[in-house]
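Observations on the three-dimensional arrangement
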Amino acid sequence: MNSKENPEKIYPAGYEPTIKSQNDGNVRNQLLFEILKTSPTEFINTDLFTVMSKRRSTRKFSDKIVETVKIDKIIAAADTAPTAGNFQGFEIFYVKSPVKKQQLVEACNNQPYVNAPLILVFCKNPSRVKFDFPEEILKKFAIQDATLAAAYSQLAAQALGLSSIWIGMFDEQKVMNVINTKLIPSSVLCIGYPKQDKFPKPRRNLKELVHVVWE
């Protein structure tokens with residue numbers, strides 16, 4: 001049976017996007033390609049700077065589920081992130097199990113908001129980075145790839161009317177045990193509908209943030 005007759009085979013068990021895609025290796029970012037061909041089903045804020053200005057870390061989510069069509073777009077965003085040599089040295093673990101989510105709470109320093117409607121764990125996979133460089137360089141590329149992918153997903157979530165919090169404090173081995181992988185996690189992204197909107201907090205003066213190198 002070919003991929004046209006059974007396109008869902010190109011997706012992992014337990015996650016089937018609302019938009020079907022054919023397994024065409026010539027199409028870059030297949031899921032995003034299919035999304036762009038469809039008509040929008042909800043409002044999306046396409047002004048990037050507005051999205052960035054409104055993004056806040058959210059620790060209180062409502063019980064409202066995150067629609068699959070929005071999950072599709074969040075994952076598609078991760079797939080578009082820049083990567084070293086286009087090797088995509090990262091993997092995404094989409095945690096759906098309520099039991100696993102609760103175990104992640106404990107693995108993430110007992111931060112209760114880790115049990116959010118949508119949990120994505122981004123892991124480094126330096127074995128995908130096919131450069132003839134020392135191992136420490138490949139690991140550096142992998143952490144950069146995973147970090148960029150998570151950041152793209154976070155901005156996509158905000159554009160879709162969702163909110164998120166980036167978890168960086170966790171026991172790596174415990175997280176690996178929960179999601180059953182040998183890959184080292186770089187971040188846990190918790191996403192959902194916020195219970196309330198948050199106001200912006202002040203940031204550093206640009207004089208403290210930006211350093212100009214003249215020569």
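Let me begin by describing the structure that accompanies this report. (Residues numbered from 1 in each chain as written. Predicted model: local features only at pLDDT ≥ 70, side-chain atom pairs only at ≥ 80, totals over all residues. Heavy atoms only, no water.)

Some details on the packing of helix H3 (residues 68-80) against helix H5 (residues 135-159)
Packing of H3 against H5 leaves a shortest axis separation of 7 Å and a crossing angle of 145°. Once H3 is placed against H5, the crossing between them reads as right-handed. Each of Lys73, Ile74, Ala77, Ala78 and Thr80 in H3 lies in contact with H5, whose residues at this interface are Ala149, Tyr152, Ser153, Ala156 and Ala157. Grouping the constituent residues of the contact of H3 with H5 by class yields seven nonpolar, two polar and one charged. (Axes fitted to C-alpha atoms, helices over the stretch in contact; angles between N-to-C directions. Helix = DSSP H or I, 4+ residues; strand = E, 2+ residues; numbered from the N terminus. Left-handed = near helix turned anticlockwise from the far one by under 90°. Contact = heavy atoms within 4.5 Å. Nonpolar A, V, L, I, M, F, W, Y, C, P; charged D, E, K, R; others polar.)

Comments concerning the packing of aromatic side chains
Applying the stated criterion across every chain yields a total of five aromatic pairs. Centroid distance tyrosine 15 to tyrosine 94: 5.8 Å. Interplanar angle 80°. Geometry classified as edge-to-face. Taken together, the residues tyrosine 15 in the segment before helix H1 (30-37) and tyrosine 94 in strand S1 (residues 90-95) connect sequence positions 79 residues apart. Taking the centre distance of 5.3 Å and the plane angle of 35° together, the rings of phenylalanine 131 and phenylalanine 133 count as tilted. Relative accessible area serves as the criterion here: at 28%, phenylalanine 131 is assigned to the partly exposed category. Taking relative accessible area as the criterion, phenylalanine 133 reaches 44% and is therefore assigned partly exposed. Aromatic ring contacts, followed pair by pair, group Phe87, Phe131, Phe133 and Phe141 into a single cluster. If you follow arginine 59 out to its NZ or CZ, it ends over the ring of tyrosine 113, 5.6 Å from the centre. (Phe/Tyr/Trp six-rings, centres within 6.5 Å; stacked < 30°, edge-to-face > 60°. Buried < 20%, exposed > 50% of the residue type's maximum accessible area, 1.4 Å probe, protein only. Lys NZ or Arg CZ within 6 Å of the ring centre and 35° of its normal.)

Here we look at helix H6 (residues 172-179)
Residues Val175, Met176, Val178 and Ile179 constitute the buried set of H6. Within H6, the buried residues cover an arc of 160° as seen down the axis, which keeps them to one side. Looking at the buried residues of H6, the elements they touch are S1, helix H4 (98-107), strand S2 (118-124) and strand S4 (185-192). Capping the start of H6 is the job of one residue whose side-chain oxygen sits 3.1 Å from the backbone nitrogen of glutamine 173: aspartate 171. Remark: asparagine 180 follows H6 within two positions and exhibits a positive phi of approximately 60°. (Arc of directions from axis to C-beta. Polar contact = N/O pair within 3.5 Å; in protein donor to acceptor, adjacent residues only side chain to side chain.)

Focus: the sheet that holds strand S3 (residues 163-167)
Hydrogen bonds between backbone atoms are what pair the strands of a sheet, whose relative direction is either parallel or antiparallel. Pairing is antiparallel across the open sheet formed by four strands, whose spatial order is S1-S2-S4-S3. The open sheet terminates on both sides in strands that have one partner only, identified here as S1 and S3. Strand-to-strand twist in this sheet, taken as the mean axis angle between neighbours without regard to direction, amounts to 20°. Note: S2 against S4, six bridges, orientation antiparallel. For phenylalanine 122, the partnering residue across the bridge sits in S4 and is serine 187. Running over the sheet, H4 touches S1 and S2 and is turned about 60° from S2. Its contacts with the sheet place H5 against S1, S2, S3 and S4, and it is angled at close to 160° to S2. (Pairing = 2+ DSSP bridges.)

Here's the deal with the packing of H4 against H6
Contact geometry for H4 and H6: axes closest at 9 Å, N-to-C directions at 175°. As far as their axial angle goes, H6 and H4 are roughly antiparallel. Every residue of H6 that contacts H4 at Lys100, Gln103, Leu104, Glu106 and Ala107 is listed here: Lys174, Val175, Asn177 and Val178. Here the residues of the contact of H4 with H6 sort into four nonpolar, two polar and three charged. (Parallel < 35°, antiparallel > 145°, perpendicular 65-115°, else oblique.)

Points about H5
End to end, H5 covers 37 Å across 25 residues, agreeing with the expected 36 Å (1.5 Å per residue, within 8%). Of the residues one or two after H5, glycine 161 is the one with positive phi, at around 85°. (Expected span 1.5 Å × (residues − 1).)

Focus: the pattern of salt bridges
Taken as a whole and assessed by the stated rule, the structure comprises two salt bridges. Put simply, glutamate 106 and lysine 174 hold a salt bridge, and the shortest N to O gap is 2.9 Å. Residue glutamate 106 is found in helix H4, and its partner lysine 174 is found in helix H6; the two are separated by 68 residues along the sequence. Between glutamate 135 and lysine 139 there is a salt bridge; the shortest N-O distance is 3.3 Å. Taken together, the residues glutamate 135 and lysine 139, both in helix H5 and four residues apart, mark about one turn of the helix. Judged by relative accessible area, glutamate 135 falls into the exposed class, the value being 53%. (Salt bridge = Lys/Arg side-chain N within 4 Å of Asp/Glu carboxyl O.)

Purely geometric numbers; function is a separate question.
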